[in-house]
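Listed here are the chains, written in short residue letters.
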Amino acid sequence: MRYLVRRLLTLVLTLLLVSLLTFGAFNVIPGDPVSLILGTEARADRVAVLRSHLGLDMRPGQRYLSWLSGFARGDFGTSIKYSTPVRGLIAARLPVTLFLALLSLVLTAAVSIPLGVYCARKHGSIQDRAIGATMMAVLSMPNFFLGVVFVWLFGLVLKLFTPGGYVDYQADFPRFIGYILFPALAIALPNSAVVVKFLRGSAIGELRSDYVRTARAKGASEDRVLYGHVLKNAIIPVIALFGMIVAEIFSGSIIIEQVFSIPGVGRLLISSITSRDFPLVETLVMYIALIVVLANLAVDIAIQFIDPRIKVR
Amino acid sequence: MKTGIPHDRDLRAGLTIVALVAFSALASLVFTPFDPNAMDAAHRFALPGWPHLLGTDNFGRDILSRLAVGARFSLIVSLSTVTIGTVFGVLLGMPAGYFGGVVDEVIMRLVDALTSFPGILLALVAVTVLPSGRYTIVAALGVLFVPSFTRIARSGTLQFKDSEFAASARAFGASSFRVMFVHILPNIYPQLLSAIVVGLSNAILAESGMSYLGLGIQPPAPSWGRMLAEAQAFLFNAPWGAIAPGLAIMIAVLGFNRLGEGLRKELGL
Amino acid sequence: MSQVLSDTILRILDLRLSIRRRDGLFHAVEGLSLRVGRGEILGLVGESGCGKSLTALSVPALLPDGVERSGGKIIFDGRDLFELGTDELRSIRGGRIGMVFQEPMTSLNPLQRIGEQIEESFELHCGLTRAQRREACVDIIGKVGIPKPGLSAEEAANYYPHQLSGGLRQRVMIAIALACKPQLIIADEPTTALDVTIQAQILDLLRSINADYGCAILFISHDLGVVNELCDRVAVMYAGRIVEEGSVSNVLIHPVHEYTKGLMGSLPGRARKGQRLASIPGRVPPPGQRGSGCAFAPRCARAQNECFLALPPKVELGPNHAVWCFLADVESEMEYVRI
């Protein structure tokens, strides 16, 4: 119980730090945001409107608190480019990105766990080395290149989906999944490569343990040893890795959404950066950072529950 | 380092590829088979052959020439990025390791906070808030590399701060800064060197990603990422226009990676 | 063959175990023969490095990577184990041969409750329903003496290994080995990592299992005191070969081989744990450095020329005492009463 409280405290502090950094980045560094947005030849009255809209007539400390409390209330300001509340823009796109990220996570686990165990079982063999080489090749590919190759291969050549033909998840859910399957795969493959390498190493180490010898002495088959004994032990350090993997999935989704023209949060972020739509960018950055921090917390908590040797609850 | 052809396979492969990339980059300063920006409507989407050795893109521009110039920009940006990362990493990491205590705590907390942020997000934020310019990307990406170099510099410093030569330098009255930068730094250069080379491969990846998004080097300067983005629209008819820059990025990244691995083994790390 | 030795459960003939290293193949165990009778407790004694653990592991074919059987036969209940297919071997492992290992701390899966780990033995060999398995598990936990005031068998079954002491963990290992009522239990230094008092309890347990279930025990140890307490017969091993074997009373009270004498001489009292051989100068030669004569010759106070040149033959001193030595003088040795 005490651990949970302490962890939540760390969470709150981290989030405050992130908010401070974000606010600092967008409000301190750019110099005069108004001239950045409107240009230097802007009319005085438009400048005044924008200044008050952005709250620049307040002092920085006040502005931060006002921004922070607005954020907590769900008021994220108004987009400069779209002239609509940021909240609405994000609400429409966030579920798409979340589905994509979730599917990527599931695919990563589904691909890397069996592969990792398989490579550990056959380590040193040709199959193991072939898979290792493939993983290394995948890791050297820029993820957007992998995405483009997928668009070409699965979309244009094999015609398994229509590139650019995004299907709304509310309109036709199965076809929506059919569409985001391929971008999710593009995100999942490089991350799988990392997990496979890690899991393989962990499992090979576990295979040398005494308890594996005991299991074999009981007459257990190799399959049973691997999946019934080794996997549970080997996967614990891998779960810690998944915190980083989640961050990578969200980072990857930003680019992959661009490659596959998916109307998610990442694509919105890119377009709002090019148009220097500060309120929108600010909020999106906070959101993504929030999700990553929460995911890391979830991973930490998961580890507590999986390993019975850890007494802290 | 020994002279002659190195035996290690990684080292050999890495050196070959890096040499190729560097050669193309340097050569592009004086000569390219065609003007990289010259459009030739009559010869669009040509496949590799003669006279365009690697074909042409959707505007009829020679791909080989564009790749060569792109190599130059990739190298410039990644070298600058890694330099920033290394310089600031050393400036932060060595005092952290040497002085320990509060200095160490503060610096490492900062580094931890930076690493818990998804890298691309950091770069995107930086690109948004910094004044736009041809090489804004360098500053944006440079920040990404500071944490890992800080860690390497710090651990290297921890290794050597209580060594004999450091102790004797202090006994002779050398200031902390002198001990760090004149005595310890030359000893940690092997770790830094292999990290720099691997960092270059990551920088090339990162830069190409930002260019793909249109946030990197601005056109008309050809960059590999941008070439890929522009060619994507024509993927159905002419996939080669996208595959060529993609392969170039892959090969360069692999090359630097292998070189870094080989160096690490060679230097006994 | 099997008719004549039907009272033998395990027969090892001329076993050779080789270690594959970068610079070649080295023999850790060579020409090793021994016999365990049904229901008998045989002790296999030697210093670390003599190959006794490898010998034990070779029976259920659990040799570590890099070690292989390069010669000899292992005959269990009349069948040569090396001629069995994987499935048959697996059904014997755990089903008819149980193993108890030295390190109870690491030999149990840290993430699984001990009840499940014991039930796995039942699951693999005994074809019981889930409820029956649970019952059998609780039953055997009781039989190996785990329950005590404040800890019932059911409660203990739900514990994780790290929640138990070393002695209790070793009892769990024994329960696992015993679960399917094996004909042979191979115990590789089961008490070495335990306190002296706990050691005595585990030895008691093994003795009672042997009495109640009638299973043979191959007990590996470097501790002569323990072997003296528990075993019926003993085989002394040096540098990959047996140098003396026979009933415990014959070998330990009237040792003939110089090495056995040295081992006995370093025991001022009973039940000494982890004793280094202080009285014989030198150390056990590792595989590859053993020469072509008697491996003990370099350290032997009575070594003659012929000892360095050829392997000593087996000399039967009686129905229950044999020694491998050129110097064994049958007549003079026969003066003591043989049991």
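Residues numbered from 1 in each chain as written. Chains lettered and ligands numbered in written order. Predicted model: local features only at pLDDT ≥ 70, side-chain atom pairs only at ≥ 80, totals over all residues.

**So, the overall build of chain B**
- Along chain B, the regular secondary structure elements total nine helices and zero strands.
- Counting from the amino terminus, helix and strand elements in chain B follow one another as α-α-α-α-α-α-α-α-α.
- Each principal axis of the C-alpha distribution contributes one length, and for chain B these read about 75 × 50 × 30 Å.
- Buried residues in chain B amount to 50% of all 269 residues.
- Sequence separation of at least 24 residues holds for 69% of the intrachain contacts in chain B that already meet a minimum separation of 6. (Helix = DSSP H or I, 4+ residues; strand = E, 2+ residues; numbered from the N terminus. Buried ≥ 20, exposed ≤ 12 C-beta atoms within 10 Å, placed from the backbone. Contact = placed C-beta atoms within 7 Å.)

**Regarding the pairing of strand β7 (residues 184–188) of chain C**
All names here are of chain C.
- With five of five residues buried, β7 is to be regarded as a mostly interior element.
- Bridging between strand β6 (residues 97–100) and β7 involves four bridges; their strand directions are parallel. Paired with Gly 98 across the two strands is Ile 185, which belongs to β7.
- The pairing of β7 with strand β8 (residues 216–221) spans five bridges and is classified as parallel. Bridge pairing in β8 links Ile 185 to Ile 217.
- Remark: the β7/helix α7 (residues 196–213)/β8 crossover connection has right-handed handedness. (Pairing = 2+ DSSP bridges. Right-handed = clockwise from strand over helix to strand, strands pointing away.)

**A short note on the interface of chain B and chain A**
- Counting residues at the interface gives 31 residues for chain B and 30 residues for chain A.
- At the level of secondary structure, the elements contributing two or more residues to the side of chain B that touches chain A comprise α4 (119–129), α7 (176–212), α8 (224–232) and α9 (240–266) of chain B.
- Take the side of chain B that touches chain A: its biggest share by element is eight residues, from α4(B).
- Considering only residue class, the side of chain B that touches chain A consists of 23 nonpolar, eight polar and no charged. (Nonpolar A, V, L, I, M, F, W, Y, C, P; charged D, E, K, R; others polar.)

**Things to note about the packing of helix α5 (residues 86–121) of chain A against helix α8 (residues 173–207) of chain A**
All names here are of chain A.
- Axis separation between α5 and α8 bottoms out at 6 Å; the angle between their running directions is 35°. Crossing handedness for the pair α5 and α8: right-handed.
- Classifying every residue of the contact of α5 with α8 by side-chain character gives 22 nonpolar, six polar and one charged. (Axes fitted to C-alpha atoms, helices over the stretch in contact; angles between N-to-C directions. Left-handed = near helix turned anticlockwise from the far one by under 90°.)

**Here's the deal with the sheet that holds β7(C)**
Residues and elements named next belong to chain C.
- Strand order in the open sheet made by the eight strands is β6-β7-β8-β3-β9-β10-β12-β11, with mixed pairing throughout. Each end of this open sheet is capped by a strand with a single partner; those strands are β6 and β11 (314–318). Between one strand axis and the next, the sheet turns by 20° as a mean value, whatever way the strands run.
- Its contacts with the sheet place helix α6 (residues 166–178) against β6 and β7, and it is angled at close to 170° to β6.

**Points about the interface of chain A and chain C**
- Every contact between the two is made by 16 residues of chain A and, on the other side, 23 residues of chain C.
- Elements supplying a minimum of two residues to the side of chain A that touches chain C: α9 (210–217) and α10 (222–260) of chain A.
- The leading source of residues in the side of chain A that touches chain C is α9(A), at six residues.
- Looking at the side of chain A that touches chain C residue by residue, the classes come out as four nonpolar, six polar and six charged.

**A short note on the arrangement of the chains**
- The assembly contains two pairs of chains in contact; the pair sharing the most contacts is chains A and B.
- Nothing in chain B touches chain C; the tightest C-alpha to C-alpha distance between them is still 20 Å.

**Side note on unusual backbone geometry**
- Trp50(B) connects to Pro51(B) through a cis peptide bond whose omega is 0°.
- Of note, Pro51(B) is situated in the loop between α1 (9–30) and α2 (63–99).
- Of note, Ala61(C) is a non-glycine position whose phi angle comes to about 60°, a positive value.
- Positive phi, normally seen in glycine, also occurs at Ala239(C), with a value near 45°.

**Digging into the sheet that holds strand β4 (residues 67–76) of chain C**
Residue and element names in this part refer to chain C.
- Taken in spatial order, the four strands make up an open sheet running β2-β1-β4-β5, and their pairing is antiparallel. With one partner strand each, in any of the chains shown, β2 (24–37) and β5 (79–80) form the two edges of the open sheet.
- Strand direction decides the pairing type here: strand β1 (residues 8–21) and β2, joined by ten bridges, are antiparallel. The residue of β2 that forms the bridge with Arg 20 is Leu 25.

**Describing the pairing of strand β3 (residues 41–45) of chain C**
Residues and elements named next belong to chain C.
- The buried fraction of β3 is high, at five of five residues.
- Burial along β3 is two-sided: Ile 41, Gly 43 and Val 45 facing one way and Leu 42 and Leu 44 facing the other are all buried.
- Pairing of β3 with β8 involves five bridges; the strand directions are parallel. Looking across to β8, one finds that Ile 41 is bridged to Ile 217.
- Alignment of β3 against strand β9 (residues 233–238), held across four bridges, turns out to be parallel.

**What to know about the packing of helix α3 (residues 101–116) of chain B against helix α5 (residues 136–160) of chain B**
Residue and element names in this part refer to chain B.
- The geometry of α3 relative to α5 is characterised by a closest axis approach of 9 Å and an angle of 140° between their N-to-C directions. Between α3 and α5, the crossing angle belongs to the class labelled oblique. α3 and α5 meet at a crossing whose hand is left-handed. Residue-level contacts link Ile 107, Val 111, Leu 114 and Thr 115 of α3 to Pro 147, Thr 150 and Arg 151 of α5.
- A class-by-class count of the residues in the contact of α3 with α5 yields four nonpolar, two polar and one charged. (Parallel < 35°, antiparallel > 145°, perpendicular 65-115°, else oblique.)

**Thoughts on the environment of Lys159(A)**
Residues and elements named next belong to chain A.
- Relative to the helices and strands, Lys 159 is located in the loop between α7 (143–157) and α8.
- On the basis of neighbour count, Lys 159 is assigned to the exposed category, with 9 C-beta atoms found within 10 Å.
- With 67 residues separating them in the primary sequence, Lys 159 and Ala 92 have C-alpha atoms 28 Å apart.

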